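# Secondary and tertiary structure notes
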Amino acid sequence: RPFKLRDMLPVVMAALLSEIGSTLRNGLCNKPMSELSFNAIVHGLFNEPGAIRSGDVLDVGARDGSWSCMYACQQPERTVRAVDPSRKLVRTLGSCMKAHRNLRTYVAAVSNASGVLHGKTEGGVGFDMSIQIGDIQQGSAARTDNSNPAHDVAVRTIDSLVEEWNSPLGFAHLDLEGMEALAVSGMRSTLARDRPVFSMELAAHHPAAETLLRLVQSLSYTSYVVQEQCGMRFDCRNVINFPNEHLHNLLDSPTLDLAARYSVIAFVNASNIKKFSRLQPKTVGNAWLCSNKWFCINRFANSVPAELVAQHGPPGLLNERQMVGSFLRAGQKLPGFD
């Protein structure tokens, strides 16, 4: 019979409902408002066939779970595992877990050996990290006088966690406030077997960054720094590490090519890391200046003509942007940084 437009209605409605459902599900897992370049690169790699091998996604130092939740939304076919020593913070992921069944949470600290972290509070605030990490390395579980046994947290290696999960690792992100080298030391077997892509935060100006990058290089990985600020330290950088034998598969990666073409990522090792401790120029792309972080950090937002934002956006949206723009036009340094 002749084709009629109404014949397509069921197909169109099914597609529309699917899109609406996806939007509603992902609405609970918005992208974090910081580290936009890093997030965009990882998201792009997830969407490129073969760029990140099949396997779980691991977020160590998950804190409030913003990144874990984002990964669960972006990669519904992968299991996303969020690990953090704070029970309170892990509980905040409850709403995201209801919407995304691929998200799992674990209360644990991560180091180079198993042990116990003696906490003073349920939330994990008050952990004596300098003492406890030393004790862990010595295989001791000595308790400080002001710790509370009810708030003890298990310390695990990533190798032991992955072995327990009995699932290969495809991607990992490590945000451990300076303890990343211990975590990498505790995941040697996983890195040797699964060869995942993994990222980590480091303080580019700190000597520990050189030690960490030498360790990563010794495991046959090549590192690339994302040239934007992460965390509160001005020299905080995300570094993405690729298995040496996998790099040739990424030579035509549109995500990495675009990032490198505009100097968003750069090759980094122990010899040159310090030069990335200062970003030039100090602009809205790398400074946490104003409360409206969308205009402070999102470079595309800053490229939209101001008159269009004023005409179509909600009142007051331009206030922070205009303040930042005035510094850029005057060629001044942003306040709060030397």
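The model shown is predicted, which means the values in this text are computed figures rather than measured ones.

### So, the environment of Ile240
The residue Ile240 is located in strand S10 (residues 236–243) in this model. Sequence spacing of Ile240 and Glu201 is 39 residues, and the spatial spacing of their C-alpha atoms is 9.0 Å.

### A short note on the packing of aromatic side chains
One pass over the full model with this rule turns up seven aromatic pairs. Residues Phe46 and Tyr71 carry aromatic rings whose centres are separated by 6.2 Å and whose planes lie at 70 degrees to one another, so their mutual orientation is edge-to-face. One end of the pair, Phe46, is in helix H2 (residues 36–47); the other, Tyr71, is in helix H3 (residues 66–74), and 25 residues separate them in sequence. Put simply, the rings of Phe46, Tyr71 and Phe171 touch in pairs and so form one group of aromatic residues. Over the ring of Phe234 we find Arg237; its NZ or CZ atom is 6.0 Å from the centre of that ring.

### Some details on the state of the cysteines
According to the stated counting rule, one finds two disulfides in the structure shown. In this model Cys69 forms its disulfide with Cys96; the gap between the sulfur atoms is 1.9 Å. When the S-S torsion is 125 degrees, as for the bridge of Cys69 with Cys96, the disulfide is right-handed. With Cys69 in helix H3 and Cys96 in helix H5 (residues 94–99), this pair connects stretches of sequence that are 27 residues apart. Relative accessible area serves as the criterion here: at 2%, Cys96 is assigned to the buried category. Across the disulfide from Cys230 sits Cys236; the S-S distance is 2.3 Å.

### Comments concerning the confidence of the model for the protein chain
Mean pLDDT over the protein chain stands at 76; residues scoring 70 or higher make up 65%. Mean pLDDT across the elements of the protein chain ranges from a minimum in helix H6 (residues 129–137), with 37, to a maximum in strand S7 (residues 169–174), with 98. Contacts for the low-pLDDT stretch residues 15–28, under 50 throughout, to residues beyond four places or in other chains number seven contacts. A low-confidence stretch, residues 280–297 stays under pLDDT 50, and its non-local contacts, those more than four residues away or across chains, total 59 contacts.

### Examining the layout of surface pockets
Computed from the structure, the largest pocket encloses a volume of approximately 610 Å³. Considering the residues around the largest pocket, the lining is formed by 27 residues, among which Asp175, Glu177, Glu180, Glu201 and Cys236 are closest to the centre. Of all the secondary-structure elements, those providing two or more residues to the lining of the largest pocket are helix H8 (180–185), strand S8 (197–203) and helix H10 (207–218). Among the residues making up the lining of the largest pocket, the classes are represented as 12 nonpolar, six polar and nine charged.

### So, unusual backbone geometry
Of note in the backbone geometry, Asn166 takes a positive phi value of approximately 55 degrees without being a glycine. Along the polypeptide, Asn166 turns up in the loop between helix H7 (158–165) and S7. One non-glycine residue with positive phi stands out, namely Ser263, at about 60 degrees. Take Ser263: it is sitting in the loop between helix H11 (254–261) and strand S11 (265–268).

### What to know about the environment of Trp165
Tracing the chain through its elements places Trp165 in helix H7. Along the primary structure Trp165 and Asp56 are separated by 109 residues, whereas in three dimensions their C-alpha atoms are 9.6 Å apart. What Trp165 contacts, discounting residues up to four positions off in sequence, is Leu58, Arg81, Val83 and Tyr106.

### Digging into the side chain of Arg195
When you line up the elements, Arg195 lands in the loop between helix H9 (188–194) and S8. A relative accessible area of 12% places Arg195 in the buried class. A distance of 2.8 Å separates a polar side-chain atom of Arg195 from the backbone oxygen of Ser220. Beyond its immediate stretch of four places on either side in the chain, Arg195 contacts Arg53, Thr190, Leu219, Ser220, Tyr221, Pro243, Asn244 and Glu245.

Analysis parameters
Residues numbered from 1 in each chain as written. Predicted model: local features only at pLDDT ≥ 70, side-chain atom pairs only at ≥ 80, totals over all residues. Heavy atoms only, no water. Helix = DSSP H or I, 4+ residues; strand = E, 2+ residues; numbered from the N terminus. Phe/Tyr/Trp six-rings, centres within 6.5 Å; stacked < 30°, edge-to-face > 60°. Lys NZ or Arg CZ within 6 Å of the ring centre and 35° of its normal. Disulfide = S-S within 2.5 Å. Buried < 20%, exposed > 50% of the residue type's maximum accessible area, 1.4 Å probe, protein only. pLDDT = per-residue confidence, 0-100. Contact = heavy atoms within 4.5 Å. 1 Å grid on protein atoms, 1.4 Å probe; cavity = no way out; pocket = protein on both sides within 12 Å on 5 of 7 lines; lining within 4 Å. Points joined across faces, edges and corners; volume = space filled by probe spheres on them. Nonpolar A, V, L, I, M, F, W, Y, C, P; charged D, E, K, R; others polar. Polar contact = N/O pair within 3.5 Å; in protein donor to acceptor, adjacent residues only side chain to side chain.

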